[in-house]
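Structural overview for review
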Amino acid sequence: MVLGLFSIFCSFSRKSHCASWMLLMSFLLDMVIGAMTRHLNICCKTRAELNDFAVFITFGLASALLLGVDGPLNGFVAIIYVLTTSFRLCFYSSGVPFSYKGLPCPYASCVLASISLLTKGNTFILCCMASLMILFMIDQSYYPRDDVLESENWKKAVYVGGVVMLLFSPFSLTAVYCLMWSLSYIFFPDALWGRAACLRL
């Protein structure tokens, strides 16, 4: 959540590059926190509520601010994006084990942050992508739970690759890597990231 707050501050300071960078770090860090929580068996109502609040701040509000609020279209799409994130967190609890209903907010945020870096904050392209992410988040489809750090070695390698790119590669290559990673999860959730696919591999 701290990175999300820094991202919001950067957006208000009109530093979309830094804001996007914070969101990509949040995307990777969220997976570590989730894995640690499950490994330590930390499960309580308060923790779940704090997690939802952190997700809303970072992957909802901070991500929406990448669109800017200068024009009516940007502001409208940003508001709808925030409302969609909140709606998904409140009402889209999956009854199917190891799955999410609707696209998880971190992946939608990762797409927006990557697009923002690659297009240098082009608000029109960001609004188009945000509209597409809104549709995926409210979709009734199921997505496999992304236990990347507790799964097969190739998934761990994908994660390590993201960290290495984030720390040592040019910003554009990191954005392309994270964008491809997120899009593969969005468009091929079961074929690449589902448990059935892992068993076949």
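Residues numbered from 1 in each chain as written. Predicted model: local features only at pLDDT ≥ 70, side-chain atom pairs only at ≥ 80, totals over all residues. Heavy atoms only, no water.

1. Brief notes about the overall build of the protein chain
To keep things clear, this is the line we draw: Put simply, DSSP marks the helices as runs of H or I at least four residues long and the strands as runs of E at least two long, and each gets a number from the N terminus on. The cut-offs for exposure are 20% and 50% of the maximum accessible area for each residue type, with area from a 1.4 Å probe on protein chains only; residues under the lower value are buried, those over the upper are exposed, and the others partly exposed. Residues are treated as being in contact if the distance between any of their heavy atoms lies within 4.5 Å.
When you go through the protein chain residue by residue, the secondary structure sums to 10 helices and two strands. Starting at the N terminus and ending at the C terminus, the protein chain contains elements arranged as α-α-α-α-β-α-α-β-α-α-α-α. Within the protein chain, buried positions represent 47% of all 201 residues. In the protein chain, the proportion of contacts linking residues at least 24 apart, taken out of those at least 6 apart, comes to 74%.

2. With respect to the packing of aromatic side chains
Selection rule: Only rings of Phe, Tyr and Trp enter the pairing, Trp through its six-membered ring, and a pair is recorded when the two centres are within 6.5 Å. The plane angle decides the type: under 30 degrees is stacked, over 60 is edge-to-face, the rest tilted.
Here the structure, examined in full by the defined rule, presents seven aromatic pairs. When the ring of Tyr143 is compared with that of Tyr185, the centres are 5.7 Å apart and the planes differ by 25 degrees; the resulting orientation is stacked. With a gap of 42 residues between them, Tyr143 in strand E2 (residues 142-144) and Tyr185 in helix H8 (residues 171-187) connect regions that are remote in the sequence. The class for Tyr143 is buried, based on a relative accessible area of 4%. Residue Tyr185 is classed as buried on the basis of its relative accessible area of 1%. Members of the aromatic cluster, each reached through a chain of ring pairs, are Phe27, Tyr107, Tyr143, Tyr159, Tyr177, Trp181 and Tyr185.

3. A look at the pattern of salt bridges
Working definition: two side chains of opposite charge can pair if their charged atoms are close together. Worth spelling out the cut-off: For this analysis, a salt bridge means a side-chain nitrogen from Lys or Arg found within 4 Å of a carboxyl oxygen belonging to Asp or Glu.
Applying the stated criterion to the full structure yields two salt bridges. For Lys155, the salt bridge identified is with Glu152, shortest N-O distance 3.9 Å. On the basis of relative accessible area, Lys155 is assigned to the buried category, the value being 6%.

4. Looking at the nonpolar core
Stated formally: As used in this record, nonpolar core signifies buried Ala, Val, Leu, Ile, Met, Phe, Trp, Tyr and Cys residues forming a set joined through side-chain atoms within 4.5 Å.
Formed by 51 residues in total, the largest nonpolar core has its most connected members in Leu24, Tyr81, Leu103, Met133 and Trp181. The element best represented in this core is helix H5 (residues 105-118), accounting for nine residues. For Trp181, the contacting residues outside a window of four places in its chain are Phe27, Leu28, Met31, Tyr107, Val158, Tyr159 and Trp193.

5. A short note on unusual backbone geometry
For residues besides glycine, phi is generally negative; the peptide bonds are generally trans as well. Backbone geometry places Arg14, a non-glycine residue, at a positive phi of 60 degrees. Residue placement: Arg14 occurs in the loop between helix H1 (2-12) and helix H2 (16-39). At Lys120, a position not held by glycine, the phi torsion is positive, near 55 degrees.

6. Section: helix H6 (residues 123-137)
What counts, and what does not: An expected span of 1.5 Å times one less than the residue number is assigned to each helix. Two N or O atoms form a polar contact when they lie within 3.5 Å of each other; inside protein one atom must be a possible hydrogen donor and the other a possible acceptor, and for residues adjacent in sequence the pair counts only when both atoms belong to side chains.
Between its terminal C-alpha atoms H6 stretches 20 Å, which fits the 21 Å expected from 15 residues at 1.5 Å a residue. At its buried positions, H6 is contacted by helix H4 (72-91), H5, E2 and H8. Regarding H6, its N-cap is Asn122, as a side-chain oxygen of that residue lies 3.1 Å from the backbone nitrogen of Phe124 further along.

7. Some details on the packing of helix H7 (residues 153-168) against H8
Filter applied, for reference: All axes are obtained by fitting lines to C-alpha atoms, using only the stretch in contact for helices, and the reported angles, taken between N-to-C directions, cover 0 to 180 degrees. Any angle that falls under 35 degrees is termed roughly parallel, while one over 145 is termed roughly antiparallel, one within 65 to 115 roughly perpendicular, and all others oblique. Handedness of a crossing is defined here by the sense of rotation of the near helix relative to the far one, left-handed for an anticlockwise turn of less than a right angle and right-handed for a clockwise turn.
At a minimum axis separation of 9 Å, H7 and H8 run at an interaxial angle of 155 degrees. Relative to H8, the element H7 is oriented roughly antiparallel. As H7 runs across H8, the sense of the crossing is left-handed. Between H7, through Ala157, Val158, Tyr159, Gly161, Gly162, Met165 and Leu166, and H8, the contact on the second element is made entirely by Leu173, Thr174, Tyr177 and Trp181.

8. Structural notes on the environment of Leu112
By the element assignment, Leu112 lies in helix H5. On the basis of relative accessible area, Leu112 is assigned to the buried category, the value being 0%. Measuring from C-alpha to C-alpha, the distance between Leu112 and Ser63 comes to 7.0 Å, with 49 residues separating the pair along the chain. When near neighbours in sequence (up to four residues on either side) are disregarded, Leu112 contacts Ser63, Leu66, Tyr81, Leu126, Met129 and Ala130.

9. A closer look at the state of the cysteines
Inclusion rule: Note on terminology: disulfide denotes any pair of cysteine sulfur atoms within 2.5 Å.
Enumeration according to the criterion identifies zero disulfides in this entry. In this model Cys10 remains outside any disulfide bridge; the closest cysteine sulfur is found in Cys18, 4.9 Å from its own. With relative accessibility at 10%, the residue Cys10 sits in the buried group.

10. Comments concerning H5
Relative to the 20 Å expected for 14 residues at 1.5 Å per residue, H5 spans 20 Å between its end C-alpha atoms, a close match to the ideal helical length. Counting buried positions along H5 gives 13 out of 14 residues, so the element sits mostly inside the fold. Downstream of H5 by one or two residues, Lys120 has phi in the positive range, about 55 degrees.

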